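Structural features, examined
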Amino acid sequence: MAEHRDGQSTAAWTAVAIVLLATFLICVAVVIPSWPVAIVGIVLVVVGAAAGKILAMAGFGQTKPDRSPKSTQAR
């Protein structure tokens, strides 16, 4: 079986770090009722997802394995 390295890339770690920060801010906004903090957290969720995708497209994501020609041929 091929080795799997799910999420072990710069793009994935950056996205997770930003989304974790956003989650923390949203939790703080619930404990201390604050709409501005909640809005910043929500915006950071979107920024984190976009940052992960942009970094992956820029080459900092996980490389996809090449498919074997044998597995795609019908017999």
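Refer to the structure printed above.
These remarks concern the structure in this document. Every value quoted in this text rests on a predicted model; they were computed, and no experiment measured them.

Cut-offs used in this document
- Residues numbered from 1 in each chain as written.
- Predicted model: local features only at pLDDT ≥ 70, side-chain atom pairs only at ≥ 80, totals over all residues.
- Heavy atoms only, no water.
- Helix = DSSP H or I, 4+ residues; strand = E, 2+ residues; numbered from the N terminus.
- Expected span 1.5 Å × (residues − 1).
- Buried < 20%, exposed > 50% of the residue type's maximum accessible area, 1.4 Å probe, protein only.
- Arc of directions from axis to C-beta.
- Contact = heavy atoms within 4.5 Å.
- Patch = residues over 30% accessible without salt bridge, like charges linked within 9 Å, V, L, I, M, F, W, Y side chains within 5 Å.
- Areas by Shrake-Rupley, 256 points an atom, 1.4 Å probe, with all protein chains shown as cover.
- Salt bridge = Lys/Arg side-chain N within 4 Å of Asp/Glu carboxyl O.

Here we look at helix 1 (residues 10-31)
Given a rise of 1.5 Å per residue, 22 residues ought to cover 32 Å, and the 32 Å separating the end C-alpha atoms of helix 1 matches this to within 8%. Among all positions in helix 1, only Ala11, Ala15, Ala22 and Ala29 are buried. For helix 1, the angular spread of buried residues about the axis comes to 45 degrees, placing them on one side. The exposed residues of helix 1 that point more than 90 degrees off its buried face are Trp13, Leu20, Phe24 and Val31.

Here we look at helix 2 (residues 35-60)
Every buried residue of helix 2 is accounted for by Ala38, Gly41, Leu44, Gly48, Ala51 and Gly52. Packed against the buried residues of helix 2 are helix 1.

A word on a nonpolar patch on the surface
A cluster of nonpolar side chains, Trp35, Ile39, Val43 and Val47, forms an exposed patch at the surface whose accessible area comes to about 440 Å². Its place among the elements puts Val43 in helix 2. A residue is classified by how much of its surface remains accessible, and Val43, at 46% relative accessible area, is partly exposed.

With respect to the environment of Val28
Tracing the chain through its elements places Val28 in helix 1. Here Val28 falls in the partly exposed class, since its relative accessible area comes to 28%. Sequence separation between Val28 and Gly41 is 13 residues, and the spatial gap between their C-alpha atoms is 9.5 Å.

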